[in-house]
Amino acid sequence: MNAELLRRTFEVLAVCFAALSGIVDARRKNTDLVGAFVVGLLTAFGGGTLRDVLLERRPLFWVERSEYPLVVLALAVLYYYAPKALRPLRERPIQRLAEGLDAVALGLFGALGTQVAIDFAVPPFVAVLFGVMTGTFGGVLRDVVINEVPMLFRPVGHLYATAAFLGGLVHIGALHFGASVSTASGLSAATTIFVRLVSLRFDVKLPPASPVDE
Amino acid sequence: MNAELLRRTFEVLAVCFAALSGIVDARRKNTDLVGAFVVGLLTAFGGGTLRDVLLERRPLFWVERSEYPLVVLALAVLYYYAPKALRPLRERPIQRLAEGLDAVALGLFGALGTQVAIDFAVPPFVAVLFGVMTGTFGGVLRDVVINEVPMLFRPVGHLYATAAFLGGLVHIGALHFGASVSTASGLSAATTIFVRLVSLRFDVKLPPASPVDE
Amino acid sequence: MNAELLRRTFEVLAVCFAALSGIVDARRKNTDLVGAFVVGLLTAFGGGTLRDVLLERRPLFWVERSEYPLVVLALAVLYYYAPKALRPLRERPIQRLAEGLDAVALGLFGALGTQVAIDFAVPPFVAVLFGVMTGTFGGVLRDVVINEVPMLFRPVGHLYATAAFLGGLVHIGALHFGASVSTASGLSAATTIFVRLVSLRFDVKLPPASPVDE
C-alpha cells in the first residue's frame, strides 16, 4: 500500500477516534458544546502537536489540513445535538466506549509518532519515546482538563504507555529487519491496540514493585 | 488609529489584566509572593507563548519586551505588600473581580491571537482557534496550578471559549468585509468581553446536550 | 574547570536526581514500572525541554544525548525490581528523600537554564526567569501527573521558586562582576540548593501578604 496514503488514513482515523473519546468524556462531565469541542481538539491534536513542536516540524498537521478542526466540530455538534447520529456510539456502555476509542487512537498516533521521529533522524530508542508521547499526550490532556487522573498514571493501572512502548519496539524492529514503512506502521499500531485491549479485557498488568523493606 | 500602536496597547492591557487575575487568585489560595509572581507570569504569558511556539514566532513577546515580566513582578509586590495600592481592586468582591479581569484579558488576547495567526497566513477557521487558544490558555494554566477546574471546562458553565470563538468569527468577518486590522481587532475584543460579561451577569449558557436515551 | 565539562556534569547529575525524584514519587503512588519511567522522563527532561522549545534550541538535549532516556529507564528498573540496588535511597524517610533529590535538581537545572538563556542573548532578568522555569518545570509536571499540588504553588509553602530566583540573581550578579561561567554556575546552583534546604530544615518562608482589610 502507498505509504503516504496509509499515513493519511491513519491520521484521519486517529483524529476521529481521539476527538470522539474527548467529546464523549466531556459530555459525561456535562461540559457545554464548545467546551467539548475544545476537549476534542486537545485530544485529537495534543500528541501530534507536541511531537511537531519538539521536532520543529511545520506547518502543524492541523494547520496544514484545516479541515481536521472542522471535522472535530462536526463530531461534537452531532454527538451533542443530533440524537440519532453516531448511534453505534450510543449503544454501548460509556466506560467501555471511551476506552475503546482511546485504544485505537493510542495505537494509530503511536505509529505515526514513531515513524515521523525516524524520518527526522531521531535515534531509535528515542523514536519509540516519541511514539509513546504522540500516542498518549492527547489523552493525558483530555484527562487533565476534565479533572481525572490520566490513564497513564493510574495506580496499578492497565497497560497503557506500556502498550505504546511495545508497539514502538515492534515498529523499529520491523524496520530493522527490512519491513516497509507501511508494514512497520501497521504492525506497530496493531500491537499497541492489541496489548491495550487485552490488558483491559483480561486485567493484565505489570508486576508490582518489589517491596521496599525486604 | 495606528495598527501597531493599537496592538501594543492591547498587549500591555491584556498582560496587566491577566497578571492581576492570576495574582488575585494566587493570594486567595495563600500562595507566597514568588508563587503569585509565577502564577501571574503564567496567566499573562501562557496564551501568547503557546501561540508563538505553534507559529514559530520569535522572539517571544515577553523576551523581546523584557519590561513585561518586571511589570508583573511590580503588580505582585504591590498587591501583596502595599495595602493602599491597587485600592480599586480591593473594594469589590473577589469572585467578581477575578472574573472581570479575566474577561478583559480573554477579549484582548483573543483578538491579538487571531490577528497574529492571520498575519502568519493561517487559514481563517484555524485563526479563530488560535484566538481562542491565545485568549484562554493563560487562564487554563492559572486554574490548573492553583488547583481549580479551568473555567473553560466547568460543567454547564457560562460562555467562555464560546465568547472567544464568537469574537474570532466577528474578527475574520470584519476583515472579510474590508475593515482595517484595528477595527477588526477592536470589534473582536469587544464582542468577546461583551458576550462573556453578559453570560456571567444574566446566566446565559449554551443549550444542554440532547438526552442520550431518546 | 573546563566550562563544557562542568555543564555536562551538571546535566548528568541533574537528570539523575530529577529522574529519581519522579520515580520515587511514582512508586509511592503505586504507578507501574512504565508509568514511573514516564514520570521520571517528565521530571528529568521537562524543564530543559521547555527552555529549549522557547529558545528554539535544537536538537533537544535528550535527543542529542540519547543515552539519557536509557539512564532513566535503568534507574526505574533498579528502583522497582532490584531491592538491593540504590540502597542509600531506601534507607531514609521517603518524604525527605524526595525533597532532597528535588532540591539538587532544582539548583543544577536552574543554573543550566539561566546560562543557556544568557548564551542565547536573553536579557538578564528574563534569563533569571528561564532559570526558574528550567529548574521548576520538571517538578511541576511530576506533581501534576501524580496528582499533587505542585511544590511551587503550595499555600504558605517553603521557598521553592524563590530559591531558584535567588540563585539566578547570584548567577547574573557573578557574571556581571567578571566571574567565569563555571564559577557563576556553581555559585548559582549552590545558592539555590542551600536556600531550598535551609527553608525546608528551618521552616523559612516569605512573609504573608498584608491583610486585605486594613
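This text gives an overview of the structure that appears in the document.

Definitions and cut-offs
Within each chain, residue numbers correspond to sequence positions counted from 1 in written order. Each chain is given a letter, starting from A, and each ligand a number, starting from 1, according to the order in which they appear as written. The predicted origin of the model limits local features to residues at a pLDDT of at least 70 and limits the giving and counting of side-chain atom pairs to 80 or more, whereas totals for whole chains, interfaces and linings rest on all residues. With hydrogens and water stripped out, all remaining heavy atoms of the structure feed into the side-chain values. Starting at the N terminus, helices and strands are each numbered in turn, a helix being any DSSP run of H or I of at least four residues and a strand any DSSP run of E of at least two. Put simply, the radius of gyration uses C-alpha atoms, and a globule should come to 2.2 Å times the residue count raised to 0.38. Here's how the labels work: a residue is buried when its accessible area is under 20% of the maximum for its type, exposed when over 50%, partly exposed in between, all with a 1.4 Å probe on protein chains only. Should any heavy atoms of two residues lie within 4.5 Å, those residues are counted as being in contact. Residue-level accessible areas treat just the shown protein chains as cover; the underlying method is Shrake-Rupley with a 1.4 Å probe. Under the convention used here, Asp and Glu are negative, Lys and Arg are positive, and both His and the chain ends fall outside the count. Charge placement uses NZ in Lys and CZ in Arg. For Asp and Glu, CG and CD serve respectively. Expected helix span is taken as 1.5 Å per residue step, with the number of steps being one fewer than the number of residues. Nitrogen and oxygen atoms within 3.5 Å of one another constitute a polar contact, given that in protein one can donate a hydrogen and the other can accept it, and given that sequence-neighbouring residues count only through two side-chain atoms. Values labelled buried area give the accessible surface lost by two parts on being combined, using a 1.4 Å probe and summing over both. By convention in these notes, a salt bridge is any Lys or Arg side-chain nitrogen within 4 Å of a carboxyl oxygen on Asp or Glu. Any residue outside Ala, Val, Leu, Ile, Met, Phe, Trp, Tyr, Cys, Pro, Asp, Glu, Lys and Arg is labelled polar, Gly included; the first ten of those are nonpolar and the last four are charged. Centre distance within 6.5 Å is the pairing criterion for rings of Phe, Tyr and Trp, where only the six-membered ring of Trp is used; planes under 30 degrees apart are then read as stacked, over 60 as edge-to-face, and the remainder as tilted. Helix axes use the C-alpha atoms of the stretch in contact, all axes being lines fitted to C-alpha atoms, and the angles between their N-to-C directions lie in the range 0 to 180 degrees. Whether a crossing is left-handed or right-handed is set by the direction in which the near helix is turned from the far one by less than a right angle, anticlockwise for left-handed and clockwise for right-handed. Copies overlap after least-squares fitting; the atoms used are the C-alpha atoms of residues with pLDDT of at least 70 in both.

1. Some points on the overall build of chain A
Part 1 of the reasoning: Of regular secondary structure, chain A possesses 9 helices and 0 strands.
Part 2 of the reasoning: Starting at the N terminus and walking to the C terminus, you meet the elements of chain A as α-α-α-α-α-α-α-α-α.
Part 3 of the reasoning: Computed over C-alpha atoms, the radius of gyration of chain A comes to 17 Å, within 12% of the 17 Å expected from 2.2 N^0.38 for 214 residues, which places it in the range of a compact globule.
Part 4 of the reasoning: Counting only C-alpha atoms, chain A reaches 50 × 50 × 30 Å along its principal axes.
Part 5 of the reasoning: Per-residue burial for chain A yields a buried fraction of 57% across its 214 residues.
Part 6 of the reasoning: Taking the intrachain contacts of chain A between residues at least 6 apart in sequence as the baseline, contacts between residues at least 24 apart amount to 73%.
Part 7 of the reasoning: Accessible area of chain A: about 8400 Å², with a carbon and sulfur share of 66%.
Part 8 of the reasoning: Put simply, chain A has 19 plus and 17 minus side-chain charges, and the middle of one group is 8 Å from the middle of the other.

2. Structural notes on helix α2 (residues 33-55) of chain C
Residues and elements named next belong to chain C.
Part 1 of the reasoning: The end-to-end C-alpha separation of α2 is 33 Å, in line with the 33 Å expected for 23 residues at 1.5 Å each.
Part 2 of the reasoning: With 21 of its 23 residues buried, α2 lies for the most part within the structure.
Part 3 of the reasoning: For α2, the side-chain oxygen to backbone nitrogen distance between the N-cap and Val34 is 3.3 Å, and the N-cap itself is Asp32.
Part 4 of the reasoning: Following α2 by one or two positions, Glu56 adopts a phi angle in the positive range, close to 50°.

3. A short note on the environment of Val128 of chain B
Residue and element names in this part refer to chain B.
Part 1 of the reasoning: By the secondary structure assignment, Val128 is in helix α7 (residues 124-145).
Part 2 of the reasoning: When its relative accessible area of 0% is taken as the criterion, Val128 is described as buried.
Part 3 of the reasoning: For the pair Val128 and Leu197, spaced 69 residues apart in the sequence, the C-alpha separation amounts to 20 Å.
Part 4 of the reasoning: Not counting the four nearest positions on each side in its chain, Val128 is found in contact with Thr114, Phe165, Gly168, Leu169 and Ile172.

4. Thoughts on the interface of chain B and chain C
Interface size is often expressed as the accessible area that is lost when the parts come together.
Part 1 of the reasoning: With 33 residues of chain B at the interface, the matching set in chain C holds 28 residues.
Part 2 of the reasoning: Roughly 2500 Å² of surface becomes buried between chain B and chain C when both sides are summed, with 69% attributable to carbon and sulfur atoms.
Part 3 of the reasoning: Counting every contact that joins chain B to chain C gives 0 salt bridges.
Part 4 of the reasoning: Connecting chain B to chain C are 5 residue pairs in polar contact (both at pLDDT 80 or more).
Part 5 of the reasoning: Among the secondary structure elements, those contributing two or more residues to the side of chain B that touches chain C are α2 (33-55), α3 (61-64), α4 (67-81) and α5 (87-90) of chain B.
Part 6 of the reasoning: Tallying contributions element by element places α2 of chain B first for the side of chain B that touches chain C, with 10 residues.
Part 7 of the reasoning: Class assignment of the residues belonging to the side of chain B that touches chain C gives a composition of 19 nonpolar, 6 polar and 8 charged.

5. Structural notes on the packing of aromatic side chains
Residue and element names in this part refer to chain A.
Part 1 of the reasoning: Inspection of every chain in the model, using the stated rule, returns 22 aromatic pairs over all chains.
Part 2 of the reasoning: When the ring of Phe45 is compared with that of Trp62, the centres are 5.7 Å apart and the planes differ by 10°; the resulting orientation is stacked. With a gap of 17 residues between them, Phe45 in helix α2 (residues 33-55) and Trp62 in helix α3 (residues 61-64) connect regions that are remote in the sequence.
Part 3 of the reasoning: We classify Phe45 as buried; its relative accessible area is 5%.
Part 4 of the reasoning: When the centroid spacing of 6.2 Å and the interplanar angle of 65° are considered together, the rings of Phe61 and Tyr68 count as edge-to-face. By the burial criterion, Phe61 is buried, and Tyr68 matches it.

6. Focus on the packing of helix α1 (residues 3-28) of chain B against helix α6 (residues 94-119) of chain B
A pair of packed helices is characterised by two quantities: the angle between their axes and the separation of those axes.
Residue and element names in this part refer to chain B.
Part 1 of the reasoning: The geometry of α1 relative to α6 is characterised by a closest axis approach of 8 Å and an angle of 150° between their N-to-C directions. Taken as a pair, α1 and α6 cross one another with a handedness that is left-handed.
Part 2 of the reasoning: Considered class by class, the residues forming the contact of α1 with α6 number 18 nonpolar, 1 polar and 5 charged.

7. A look at the relation of the copies chain B and chain C
Part 1 of the reasoning: Of the transformation superimposing chain B on chain C, the axial component is 0.0 Å and the angular component is 120°, with the fit at an RMSD of 0.0 Å. Seen this way, the second copy is the image of the first under a three-fold rotation axis. Measuring from the rotation axis to each C-alpha of chain B, the shortest distance belongs to Val53 of chain B, at 4.3 Å.
Part 2 of the reasoning: Take the interface residues of chain B: only 6% of them recur as interface residues in chain C, which is what a contact between different surfaces looks like.

8. As for the relation of the copies chain B and chain A
Part 1 of the reasoning: In screw terms, the move from chain B to chain A is a rotation of 120° and a rise of 0.0 Å along the axis, fitting with an RMSD of 0.0 Å.
Part 2 of the reasoning: Different-surface contact between copies: only 7% of interface residues of chain B are shared with the interface of chain A.

Scope: geometric values only; no functional claims are made or implied.
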